Amino acid sequence: MSEIEDRLGIRSLFRIEKNPKRGLTSYEWAVLAYALFTLVFIFFTYTKLQSPTALIMGRVRIVAMTGALWAVYRLVPCRFTMLARAVAQLALLAWWYPDTYELNRILPNLDHLFAEWEQVCFGFQPALVFSEYLPQWWFSELMSLGYASYYPLLVVCILYYFAYRYSEFERATFVLLGSFFAYYIIFVVLPVVGPQFYYAAIGLDKVAEGVFPCVGDYFSTHTEMLKNPGWEDGFFYQMVVSAHDAGERPTAAFPSSHVGITVVILMLAWHAKSRRQWLFWTIMPFFVLMFFATVYIQAHYLIDAIAGLFSGVLFYWGFMWLSRIHR
């Protein structure tokens, strides 16, 4: 049994580290920094928020959990407890994302400006016509596959670093979490909801006419969205719909974090220097699908996806640089 465990690396997961990390990891500091930023935002907008006490207590619980996981690692400093620290913070992204809606819903919506810029740039609304020009079932499924690959790509990247580049595992996690929180800060202060919500609010007839009225604080109390375009019987289509039903909110449209984070994952894959760069070339097709899928399913304007591309590169290099300073 011990030979099998050694071959699978099971025993190495629980082997006590000779030089365990004493303090918090860089990505835990990133979590605390974002929690502090949003806490200040909550205090300044306390009377306008619907559930400020719940938002504050949520941050208290996250800080307490971070401290508890650090304490467990200090008691049993091994790779498994270090992995638990990273996985816990990555899993909490599912909590932080809708939290941006609770904060930015008090601000006036800006979609009319972005829809107008989209119209000026392209002469039409790509999110409106993309699925109409390519309604075929196979193309719809490709788009849905690309969009649904978002979190699996994140898991693959993190686990690769953990298994094969453990010395840079903390750094890769920091770059990813730091990029997520950079996007979330933008989403908090820039309330743009994207076509699937904005088009539903103003009506497709106005969109087709190129008329984009300001809706003010409409999304503070409305969360209705358009039905996803595409082949409704598709397996990946249903996966995307289920994900939207579970946690989608009218928030986080500009820039596209789906595109931006996938760029970060792609660049981390290149940095990993896997043999013949197999990790990079495996992820590349999903990145291409992701870029177009965000517009196809009407989650983003095309300018959101383009901004996600450039911001992803910027955040990758920025947080890689910060990771060197933290060391």
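As a reminder, the structure under discussion sits directly above these lines.
Everything numeric here is computed off the predicted structure, so don't read it as measured data.

**Quick notes on the environment of serine 274**
Piece 1. For serine 274, the location among the structural elements is in the loop between α15 (257–272) and α16 (278–296).
Piece 2. Once you skip the residues sitting within four places of it in the chain, serine 274 turns out to touch Tyr160, Leu279 and Phe280.
Piece 3. At 3.1 Å, the side chain of serine 274 forms a polar contact with the backbone nitrogen of leucine 279.

**Some remarks on empty space enclosed by the protein**
Piece 1. Tallying each qualifying case throughout the model produces one cavity of 30 Å³ or more.
Piece 2. Around the largest cavity, the lining is made up of 14 residues, and of these Asn104, Arg105, Leu107, Pro191 and Phe219 lie nearest the centre.
Piece 3. Tallied by class, residues from the lining of the largest cavity come to eight nonpolar, four polar and two charged.

**A few points about the packing of helix α8 (residues 126–133) against α16**
Piece 1. At a minimum axis separation of 8 Å, α8 and α16 run at an interaxial angle of 105°. One element, α8, and the other, α16, form an angle in the roughly perpendicular class. Contact residues: α8 offers Pro126, Ala127, Phe130 and Ser131, while α16 offers Phe292, Val295 and Tyr296.
Piece 2. Classifying every residue of the contact of α8 with α16 by side-chain character gives six nonpolar, one polar and no charged.

**Focus on the packing of aromatic side chains**
Piece 1. Within this structure, the stated rule accounts for 35 aromatic pairs.
Piece 2. Taking 4.7 Å as the distance between ring centres and 20° as the angle between the ring planes, the aromatic pair formed by tyrosine 34 and phenylalanine 181 counts as stacked. Of this pair, tyrosine 34 sits in helix α3 (residues 26–44) while phenylalanine 181 is found in helix α11 (residues 169–189), placing the two residues 147 residues apart along the sequence.
Piece 3. Exposure remark for tyrosine 34: the relative accessible area of 2% places this residue in the buried category.
Piece 4. Between tyrosine 183 and phenylalanine 187 the ring centres are 6.2 Å apart and the planes differ by 20°, which places this aromatic pair in the stacked class. Of this pair, tyrosine 183 and phenylalanine 187 both sit in helix α11, four residues apart, which is roughly one turn of the helix.
Piece 5. Look at tyrosine 183 and you get buried, because its relative accessible area is 0%.

Definitions and cut-offs
Residues numbered from 1 in each chain as written. Predicted model: local features only at pLDDT ≥ 70, side-chain atom pairs only at ≥ 80, totals over all residues. Heavy atoms only, no water. Helix = DSSP H or I, 4+ residues; strand = E, 2+ residues; numbered from the N terminus. Contact = heavy atoms within 4.5 Å. Polar contact = N/O pair within 3.5 Å; in protein donor to acceptor, adjacent residues only side chain to side chain. 1 Å grid on protein atoms, 1.4 Å probe; cavity = no way out; pocket = protein on both sides within 12 Å on 5 of 7 lines; lining within 4 Å. Points joined across faces, edges and corners; volume = space filled by probe spheres on them. Nonpolar A, V, L, I, M, F, W, Y, C, P; charged D, E, K, R; others polar. Axes fitted to C-alpha atoms, helices over the stretch in contact; angles between N-to-C directions. Parallel < 35°, antiparallel > 145°, perpendicular 65-115°, else oblique. Phe/Tyr/Trp six-rings, centres within 6.5 Å; stacked < 30°, edge-to-face > 60°. Buried < 20%, exposed > 50% of the residue type's maximum accessible area, 1.4 Å probe, protein only.

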